Amino acid sequence: MGRSDLISLVFRVRPEAAAPLPRWLGHAVYGAVLQRIAAQDPGLAARIHRGEGPAGLTCSTLMGPWEGEGVTPAHDYRIRVTAYAEGVARALDPEGGGLWGVGDVFELAGACFRVEEVIAEGDPWAGRASYMGLVEEYLSRPKPWPRRMRLRFASPTAFRDGERWNPLPLPEAVFGHLVEKWNAFSPVRLPAALREMAAARIAVMRFDLSSRTARAPEGGVRVGCIGTVTYGVVGDDGYLRAVMGLLGTFARYAGVGILTTMGMGQVRIEAEEEPEES
């Protein structure tokens, strides 16, 4: 198998005992993941935690049913961890030892969870790819890519807009952010002008969004959006259609917006489609 510098893993976990826990555990999941990486590669963990530029890592919050104000061994829960930098992907890759294996136990906010299953494929949120593989698929093989793409924002997503927090997934915010992350680690750079191109040539065609809050690590909350947005390229721009598909695929690994290491901005393509005939 070729090198995978893009990896998304879903861990099915179960608490060892009933425990009262807050609903938002993105920061706790990030801490547990970073602790595990530090046990294998302290230098890599330190680089991720310093936060100088994109981390190359995303983590979800704990996902699953709460009974009252806590979790119970009667239910399974899930967390998701992704990598979009080669070194981080190597640390996560199950073929090289991985983050956690079946039977491993880790702690979240004082509660112990046991790993029941590591899902690397066969789930819409799991998978692996490479930067060069995506370049080959989307940019080196011209084809009539769909003009519309629906993204699923599964956890609160927001963007830093100067001194403000913007919870609206406008095209320039979404695709501009993804270009920045792509260019931080990919051997093939995309034009920085794609942010302006997205603002001028990619439109919001449909949306079904709600506001949700996430707990920030320093305390307080961040307001973001969840739901779906269909984006469409205006006009017959084959290159922009290809780039939109490439970045939409990349979003599953890189996340979108702020605090993606701590549960926010979990995003993936839900559908690619041609517009309906009028």
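Every value quoted in this text rests on a predicted model; they were computed, and no experiment measured them.

Participant: An account of the overall build of the protein is needed here, citing residue identities and associated values.
Facilitator: When helices and strands are counted, the protein shows seven helices and 14 strands. Relative to the compact-globule value of 19 Å for 278 residues, the protein shows a C-alpha radius of gyration of 19 Å, a close match. C-alpha extents for the protein along the principal axes are approximately 55 × 40 × 35 Å. The buried share among the 278 residues of the protein stands at 50%. Residue pairs at least 24 apart in sequence account for 77% of intrachain contacts in the protein once pairs closer than 6 positions are excluded. About 12700 Å² of surface is accessible on the protein, with carbon and sulfur atoms providing 50% of the total. Charge separation in the protein, taken as the distance between the mean sites of 31 positive and 33 negative side-chain charges, equals 1 Å.

Participant: Tell me about the packing of helix H4 (residues 131–138) against helix H5 (residues 171–185), and please be specific about residues and values.
Facilitator: The interhelical angle for the contact between H4 and H5, taken along N-to-C directions, is 120°, at an axis separation of 11 Å. One finds that H4 runs oblique with respect to H5. Residue-level inspection shows Tyr131, Leu134 and Val135 of H4 in contact with H5, the latter providing Lys181, Trp182 and Phe185. When the residues that make up the contact of H4 with H5 are grouped by side-chain class, the tally is five nonpolar, no polar and one charged.

Participant: Give a description of the side chain of Thr261 that names residues and reports values.
Facilitator: Mapped onto the fold, Thr261 is located in the loop between helix H7 (238–254) and strand E14 (267–273). The class of Thr261 is buried, set by a relative accessible area of 13%. Those residues in contact with Thr261 that sit more than four places away from it in its chain are Gly26, Tyr30, Ala55, Leu57, Thr58 and Cys59.

Participant: Tell me about the pattern of salt bridges, and name the residues and values.
Facilitator: What the rule picks out here adds up to 14 salt bridges. Linking Arg14 and Asp76 is a salt bridge whose minimum nitrogen-to-oxygen distance equals 2.5 Å. Placement of Arg14 in strand E1 (residues 6–15) and of Asp76 in the loop between strand E4 (70–71) and strand E5 (77–83) is noted, with a sequence separation of 62 residues between them. Note on Arg14: relative accessible area 25%, which makes it partly exposed. Since its relative accessible area comes to 28%, Asp76 is described here as partly exposed. The closest approach of N and O atoms between Arg164 and Asp161, which form a salt bridge, is 2.5 Å. Judged by its relative accessible area of 56%, Arg164 is exposed. One network of salt bridges, with partners in common, ties together Arg12, Arg14, Asp76 and Glu117.

Participant: Any chance you could break down the packing of helix H1 (residues 26–40) against helix H2 (residues 42–50) for me, citing the residues and the numbers?
Facilitator: For the pair H1 and H2, interaxial distance at closest approach is 6 Å and the crossing angle is 145°. Of H2, the residues touching H1 (which contributes Tyr30, Leu34, Ile37, Ala38 and Gln40) are Pro42, Leu44, Ala45, Ile48 and His49. For the contact of H1 with H2, the residue count by class is eight nonpolar, two polar and no charged.

Analysis parameters
- Residues numbered from 1 in each chain as written.
- Predicted model: local features only at pLDDT ≥ 70, side-chain atom pairs only at ≥ 80, totals over all residues.
- Heavy atoms only, no water.
- Helix = DSSP H or I, 4+ residues; strand = E, 2+ residues; numbered from the N terminus.
- Rg over C-alpha atoms; globule rule 2.2 N^0.38 Å.
- Buried < 20%, exposed > 50% of the residue type's maximum accessible area, 1.4 Å probe, protein only.
- Contact = heavy atoms within 4.5 Å.
- Areas by Shrake-Rupley, 256 points an atom, 1.4 Å probe, with all protein chains shown as cover.
- Lys, Arg positive; Asp, Glu negative; His and termini not counted.
- Charge placed at Lys NZ, Arg CZ, Asp CG, Glu CD.
- Axes fitted to C-alpha atoms, helices over the stretch in contact; angles between N-to-C directions.
- Parallel < 35°, antiparallel > 145°, perpendicular 65-115°, else oblique.
- Nonpolar A, V, L, I, M, F, W, Y, C, P; charged D, E, K, R; others polar.
- Salt bridge = Lys/Arg side-chain N within 4 Å of Asp/Glu carboxyl O.

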